[in-house]
Amino acid sequence: MSGWNYNLTHFVTSAPDIRHLPADIGIEVAFAGRSNAGKSSALNTLTNQKSLARTSKTPGRTQLINLFQVTEGYRLVDLPGYGYAEVPEEMKLKWQRSLAEYLQMRQCLKGLVVLMDIRHPLKDLDRQMIEWAVQSGIQVLVLLTKADKLASGARKAQLNLVREAAKGFVGDVQVEAFSSLKKLGVDKLRLKLDSWFSEIPPATEETLPEA
Ligand SMILES: Nc1nc2c(ncn2[C@@H]2O[C@H](COP(=O)(O)OP(=O)(O)O)[C@@H](O)[C@H]2O)c(=O)[nH]1
Ligand SMILES: [Mg+2]
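No experiment lies behind these values; they were computed from the predicted model shown.

J.: Help me out: how do you make sense of the sheet that holds strand S3 (residues 65-71) in this one?
T.: Through backbone hydrogen bonds, the strands of a sheet pair up, either in parallel or in antiparallel fashion. Ordered by their spatial adjacency, 7 strands build an open sheet running S1-S3-S4-S2-S5-S6-S7, and the pairing between neighbours is mixed. At either margin of the open sheet sits one strand with a lone partner, and together these are strand S1 (10-15) and strand S7 (173-177). Shown here is a sheet whose adjacent strand axes are inclined to one another by a mean of 20 degrees, direction ignored. Of the pairings in the sheet, the one linking strand S6 (residues 139-145) to S7 comprises 5 bridges and is parallel in character. From the neighbouring strand, Leu141 faces S7, where its bridge partner is Gln174. Against the sheet, helix H1 (residues 39-47) contacts strand S2 (27-33), strand S4 (74-78), strand S5 (109-117) and S6, and its axis sits at roughly 140 degrees relative to S2. Where helix H3 (residues 124-135) meets the sheet, its contacts fall on S2, S5, S6 and S7, and the angle it forms with S5 comes to roughly 165 degrees.

Laid out in structure tokens, this is it:
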């Protein structure tokens, strides 16, 4: 059983870029993935809420960083989807740079959940995100979404394939099958979040004892 009540999660704020995020304190877990990977659906499923993170059939609609808090100081971060074909190249590069910066600089970032469609895993940008995370010592949970789209044999085969590929990253990368539709893998996600949120937050100037 999961120790945290993710049902209590609520929206805090949106940020246009990483310079406008709230103070770098507490513990943060970020959700990333290509547009349409099923990120909003996963956040809604995790929190048992119908429209916490707006799901959309139109890919690339969410361009803001949306911050939610489970409880004071413990945040879930919904990063804008990447790989959206109709976004101009210049904007894509700008966004990639700021994602890299977020993964490298954000002290309170403890874990990264990378969501990818089980039928189209490990695209270049997915690999890049995982690479940046492990280089910064951030643990990664890969969720192979829409697992309901595959029969159980094909699902297992695909899961094993991605698990094998994940060994190529020099870091902590766990891979699980996930379906918001069938509520598959939600327990695995909760346990991982529990473990990340149970770490002691990094000391900051505000939390350090007086000298
Ligand atoms: N079959 C199936 N479809 C899903 C699942 N999760 C999301 N979708 C669909 O995939 C599309 C994109 O989902 P969304 O959560 O908005 O993706 P996002 O762009 O990554 O936030 C929507 O049409 C969802 O209904 C799932 O577990 N199974
Ligand atoms: Mg979304």
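Now, onward.
J.: Help me understand helix H2 (residues 89-105), please; the structure alone is not making it clear to me.
T.: Since the α-helix turns once every 3.6 residues, residues separated by three or four places project in the same direction. For H2, built from 17 residues, the straight-helix expectation of 24 Å at 1.5 Å per residue is met to within 8% by its first-to-last C-alpha distance of 24 Å. Of all the positions in H2, only Leu99, Tyr102 and Leu103 are classed as buried. Summarising the axial view, the buried residues of H2 lie within an arc of 90 degrees, below the 170-degree limit, and thus occupy one face. Exposed residues pointing more than 90 degrees away from the buried face of H2 are listed as Glu90, Leu93, Arg97 and Met105. Looking at the buried positions of H2, the neighbouring elements they touch are S5 and H3.

J.: Even after reading the chapter, I still don't get the site of ligand 1, so can you show me in this structure?
T.: Surveying the vicinity of ligand 1 reveals 20 residues, the closest of which are Gly38, Lys39, Ser40, Ser41 and Leu181. Counting residues per element, the shell around ligand 1 draws most heavily on H1, which supplies 3 residues. Residue composition of the shell around ligand 1, grouped by class: 3 nonpolar, 12 polar and 5 charged.

J.: Where do I start with the nonpolar core in this structure?
T.: Side chains of nonpolar character tend, in soluble globular proteins, to be buried together. Residues Phe31, Leu112, Val114, Val140, Val142, Leu143 and Leu144 are the most contacted members of the largest nonpolar core, which totals 52 residues. Residue contributions to this core peak at 6 residues, all from S5. Excluding residues within four positions of it along the chain, Leu112 makes contact with Ala30, Ala32, Met129, Ala133, Ile138 and Val140.

J.: I keep staring at the pairing of S2 and nothing clicks. Help me out?
T.: The side chains of a regular strand alternate between both faces of the sheet. Within S2, 7 of the 7 residues are buried, which leaves the element mostly enclosed by the surrounding structure. Note: S2 against S4, 5 bridges, orientation parallel. From the neighbouring strand, Phe31 faces S4, where its bridge partner is Asp78. Summarising the sheet, S2 and S5 pair through 6 bridges and their orientation is parallel. Following the sheet pairing, Ala30 is matched in S5 by Leu112.

J.: Just checking my understanding: could you explain unusual backbone geometry for this structure?
T.: Trans peptide bonds make up most of the peptide bonds, and negative phi angles are found at most residues other than glycine. For Asn36, which is not glycine, the phi torsion reads 80 degrees and is therefore positive. In this structure, Asn36 sits in the loop between S2 and H1. Even without being a glycine, Asn48 presents a positive backbone phi close to 55 degrees. With respect to the helices and strands, the residue Asn48 is situated in the loop between H1 and S3. Classification of Asn48 as partly exposed rests on a count of 14 C-beta atoms within 10 Å.

J.: So what exactly am I meant to see when it comes to the environment of Leu143 here?
T.: The residue Leu143 is located in strand S6 in this model. With 30 C-beta atoms counted inside 10 Å, the residue Leu143 sits in the buried group. Between the alpha carbons of Leu143 and Phe178 there is a distance of 5.7 Å; along the sequence they are 35 residues apart. Beyond its immediate chain neighbours, meaning those up to four positions away, Leu143 contacts Ala42, Val113, Leu115, Glu176, Phe178, Gly185 and Leu189.

J.: Help me out: how do you make sense of helix H5 (residues 186-197) in this one?
T.: Spanning 12 residues, H5 covers 16 Å between terminal C-alpha atoms, matching the ideal 16 Å at 1.5 Å per step. Looking at H5, one finds that the buried residues are Val186, Leu189, Lys192, Leu193, Trp196 and Phe197. Looking down the long axis of H5, one finds its buried residues gathered within 130 degrees of arc, a one-sided arrangement. Buried residues along H5 sit in contact with S2, H1, S4, S5, S6 and S7.

What counts as what
Residues numbered from 1 in each chain as written. Chains lettered and ligands numbered in written order. Predicted model: local features only at pLDDT ≥ 70, side-chain atom pairs only at ≥ 80, totals over all residues. Pairing = 2+ DSSP bridges. Helix = DSSP H or I, 4+ residues; strand = E, 2+ residues; numbered from the N terminus. Axes fitted to C-alpha atoms, helices over the stretch in contact; angles between N-to-C directions. Contact = placed C-beta atoms within 7 Å. Expected span 1.5 Å × (residues − 1). Buried ≥ 20, exposed ≤ 12 C-beta atoms within 10 Å, placed from the backbone. Arc of directions from axis to C-beta. Near = placed C-beta within 6 Å. Nonpolar A, V, L, I, M, F, W, Y, C, P; charged D, E, K, R; others polar. Core = buried A, V, L, I, M, F, W, Y, C linked by C-beta atoms within 7 Å.

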